[in-house]
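# Secondary and tertiary structure notes
Letter by letter, the chains look like this.
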Amino acid sequence: MTTSAKPVIHILGLGAMGALLAVDLLRFTNATVVPLFRSQERLHRFQNDFNSTLAVRKLFEKDQPLLSCKLECSESPETFAGEMIKNLIITTKTYQTAEALQPYLRFIGRDTNLILVQNGLGVAEMLKEKVFTDPETQPQLFQGVISHGGFHDQGFTFNHAGLGDLKIARLPWDHSKPIQSEEDASKDRRENELVKILTEPAFAENFQTTQMTYQEMLLGQLYKFLVNACINPVTSIVDCVNGELADDSADIFSLIIDECLRVLKVAYTPLFEYETRYHGREGYPPVPVLSVLNTENMVKEVIRLGCVVNRHNSSSMRQDTLYLRDTEIDYINGYIVKLADKYQLNAKVNRTIQSLVDLRLALNRKRKLEGDMRSK
Ligand SMILES: NC(=O)C1=CN([C@@H]2O[C@H](COP(=O)(O)OP(=O)(O)OC[C@H]3O[C@@H](n4cnc5c(N)ncnc54)[C@H](OP(=O)(O)O)[C@@H]3O)[C@@H](O)[C@H]2O)C=CC1
Ligand SMILES: CC(C)(CO)C(=O)C(=O)O
């Protein structure tokens with residue numbers, strides 16, 4: 001994989017996560033960052049009303065500095081010049097991914113490095129099954145699991161609310177052979193342009209990026225998935241801030257996690273068998289799957305990370321329901337339901353949670369349209 005003199009990274013989804021990545025990539029690497037907007041109208045708003053300037057306020061730093069940068073180039077489907085895309089970061093919401101990619105598919109090929117930086121599960125599987133079906137043009141696919149917290153302020157200014165980290169790994173195209181060696185990972189660190197940029201010391205230290213094998217990243221992804229499968233829907237359904245759940249949520253979290261793990265153990269068998277099959281094997285890292293992904297530990301971790309560390313946070317899904325936006329429930333609890341159907345397993349708890357989130361959103365939208373009956 002050749003490295004460009006001044007590498008170009010396209011970002012599809014210049015929202016909270018996209019903005020955090022864009023600003024720090026511009027601060028700490030020599031990459032040219034090019035946002036891909038949904039339409040020429042949104043592109044012109046960025047270019048004309050905001051002078052192509054993006055800003056991020058680091059809320060967790062002393063004096064909460066506002067870091068802004070002017071982007072040399074930005075595009076939309078109507079203006080895209082048509083060169084092949086070398087590096088693509090996708091930070092749209094999960095359910096927006098396929099539609100957002102559509103206008104750029106002909107510019108994505110085997111030499112495109114594409115990383116998904118999103119919560120949930122199922123987007124990579126959707127892309128393999130429905131979008132990148134031709135082995136001749138399938139991109140180099142990566143996943144990022146991000147725990148930074150961010151939210152929109154106004155215009156193209158975003159708030160970096162919580163300093164987290166970013167775990168990245170190459171995704172296997174062949175789901176039956178997911179396990180990677182440490183050499184597989186270090187080869188990408190040596191040769192893959194996007195991985196090299198995201199692991200450049202200055203950027204990696206500031207953004208807390210670590211590149212790893214797929215199995216190491218997947219442990220982190222399933223951990224975060226279980227946190228989101230509990231906090232996001234429950235705070236949305238009962239309409240509360242994360243910290244309000246700290247004392248009374250162990251039972252519902254246990255029901256959700258127990259069912260999720262029963263399904264995930266079947267869908268991701270190689271991960272749950274990794275410690276047995278690869279114990280002490282040279283060139284394969286230890287991955288503490290079973291001591292992390294068990295109900296007792298995860299109930300404690302969900303409460304710690306979701307309700308204590310992030311106690312003042314309104315979960316991203318609750319924010320979506322309050323602002324009457326679609327939610328990512330189909331890629332979180334709803335994905336467990338999909339996997340359960342695939343493997344003929346029961347997922348009534350997650351199906352109920354999914355239905356209650358949809359009801360919450362529908363009720364909020366109805367109240368907006370028809371008024372709130374509680375006050376009549
Ligand atoms: N926010 C957070 O703290 C965290 C978020 N995450 C995850 O990261 C992912 C992104 O979340 P977040 O950044 O909050 O989401 P946002 O809604 O802030 O950003 C999504 C962006 O995608 C853009 N977009 C949507 N459709 C298209 C399209 N067709 N073409 C181009 N752009 C498009 C939207 O622009 P438009 O205005 O045009 O709709 C928006 O700017 C999610 O999976 C989320 O769960 C993970 C950890 C924390
Ligand atoms: C960690 C948590 C649950 C913080 O609210 C989050 O990731 C989200 O809100 O999406």
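Residues numbered from 1 in each chain as written. Chains lettered and ligands numbered in written order. Predicted model: local features only at pLDDT ≥ 70, side-chain atom pairs only at ≥ 80, totals over all residues. Heavy atoms only, no water.

## A few points about the environment of valine 302
Relative to the helices and strands, valine 302 resides in helix H13 (residues 295-309). Separated by 33 residues in sequence, valine 302 and tyrosine 335 place their C-alpha atoms 19 Å apart. (Helix = DSSP H or I, 4+ residues; strand = E, 2+ residues; numbered from the N terminus.)

## A closer look at the domain arrangement of the protein chain
Interfaces are often sized by the amount of accessible area the parts lose when they come together. If you check the domain split of the protein chain, you get domain 1 (8-212) and domain 2 (218-371). The gap between the C-alpha centroids of domain 1 and domain 2 is 24 Å. Between domain 1 and domain 2, the residue contacts involve 19 residues of the former and 22 residues of the latter. Both faces combined, the contact of domain 1 with domain 2 buries some 2100 Å², and carbon together with sulfur accounts for 60% of it. Considering only the side of domain 1, the residues that lose the most area to domain 2 are Tyr95, Leu121 and Ile179, jointly responsible for 34% of the buried surface there. Between the two partners, domain 1 and domain 2, sit one salt bridge. (Domains from an automatic or database assignment. Contact = heavy atoms within 4.5 Å. Buried area = accessible area lost by both parts, 1.4 Å probe. Salt bridge = Lys/Arg side-chain N within 4 Å of Asp/Glu carboxyl O.)

## A few points about the UniProt feature "domain: Ketopantoate reductase C-terminal" (unreviewed entry) in the protein chain
When the UniProt feature table is mapped to this numbering, "domain: Ketopantoate reductase C-terminal" (unreviewed entry) covers residues 218-358. Within the segment residues 218-358, helix and strand shares are 67% and 0% respectively, and the terminal C-alpha atoms sit 28 Å apart. (UniProt positions renumbered as here; feature names shortened; annotations may be inferred.)

## Observations concerning the UniProt feature "domain: Ketopantoate reductase N-terminal" (unreviewed entry) in the protein chain
Taking the numbering used here, the UniProt-annotated feature "domain: Ketopantoate reductase N-terminal" (unreviewed entry) corresponds to residues 9-172. When the span residues 9-172 is considered, its composition is 23% helix and 32% strand, and the gap between its end C-alpha atoms is 22 Å.

## Thoughts on the site of ligand 1
In the vicinity of ligand 1 there are 24 residues, among which Met17, Arg38, Arg42, Gly150 and Glu328 approach most closely. In this structure, an oxygen atom belonging to ligand 1 sits 2.9 Å away from a main-chain N or O atom of glycine 150. At 2.6 Å, a side-chain N or O of glutamate 328 approaches an oxygen atom of ligand 1. Where the shell around ligand 1 is concerned, the elements lending two or more residues are helix H1 (16-28) and strand S8 (149-154). The residue makeup of the shell around ligand 1, split by class, is nine nonpolar, ten polar and five charged. (Near = heavy atom within 4 Å. Polar contact = N/O pair within 3.5 Å; in protein donor to acceptor, adjacent residues only side chain to side chain. Nonpolar A, V, L, I, M, F, W, Y, C, P; charged D, E, K, R; others polar.)

## Observations regarding the layout of surface pockets
Roughly 270 Å³ of internal volume is contained in the second largest pocket. Forming the boundary of the second largest pocket are 19 residues, of which Gln140, Arg170, Leu171, Pro172 and Trp173 lie nearest the centre. Going through the elements one at a time, strand S7 (140-146) and helix H5 (182-191) are the ones with two or more residues in the lining of the second largest pocket. Among the elements that make up the lining of the second largest pocket, the one with the highest residue count is H5 (three residues). Taken together, the residues that form the lining of the second largest pocket break down as ten nonpolar, four polar and five charged. (1 Å grid on protein atoms, 1.4 Å probe; cavity = no way out; pocket = protein on both sides within 12 Å on 5 of 7 lines; lining within 4 Å. Points joined across faces, edges and corners; volume = space filled by probe spheres on them.)

## Notes on the site of ligand 2
Taken together, the neighbourhood of ligand 2 is formed by Asn119, Lys224, Asn228, Ile231, Asn232, Asn242, Asn310, Asn313, Ser315 and Ser316. The side chain of asparagine 242 places a nitrogen or oxygen atom 3.0 Å from an oxygen atom of ligand 2. Between ligand 2 and asparagine 313 there is a distance of 2.8 Å, counted from an oxygen atom to a side-chain nitrogen or oxygen. About the coverage of ligand 2: the protein hides 89% of its 280 Å² of free accessible area. Ranked by the residues each element gives to the shell around ligand 2, the list is headed by helix H8 (residues 214-238), at four residues. Taken together, the residues that form the shell around ligand 2 break down as one nonpolar, eight polar and one charged. (Areas by Shrake-Rupley, 256 points an atom, 1.4 Å probe, with all protein chains shown as cover.)

## Here we look at the pairing of strand S5 (residues 87-90)
Residues Asn87 and Ile89 point to one face of S5 and Leu88 and Ile90 to the other, with burial holding for every one of them. Of the pairings in the sheet, the one linking strand S1 (residues 8-12) to S5 comprises three bridges and is parallel in character. Counted as the bridge partner of isoleucine 11 is isoleucine 89 from S5. As judged from the four bridges shared by S5 and strand S6 (residues 113-117), these two strands associate in the parallel manner. Counterpart to isoleucine 89 in the pairing with S6 is isoleucine 115. (Buried < 20%, exposed > 50% of the residue type's maximum accessible area, 1.4 Å probe, protein only. Pairing = 2+ DSSP bridges.)

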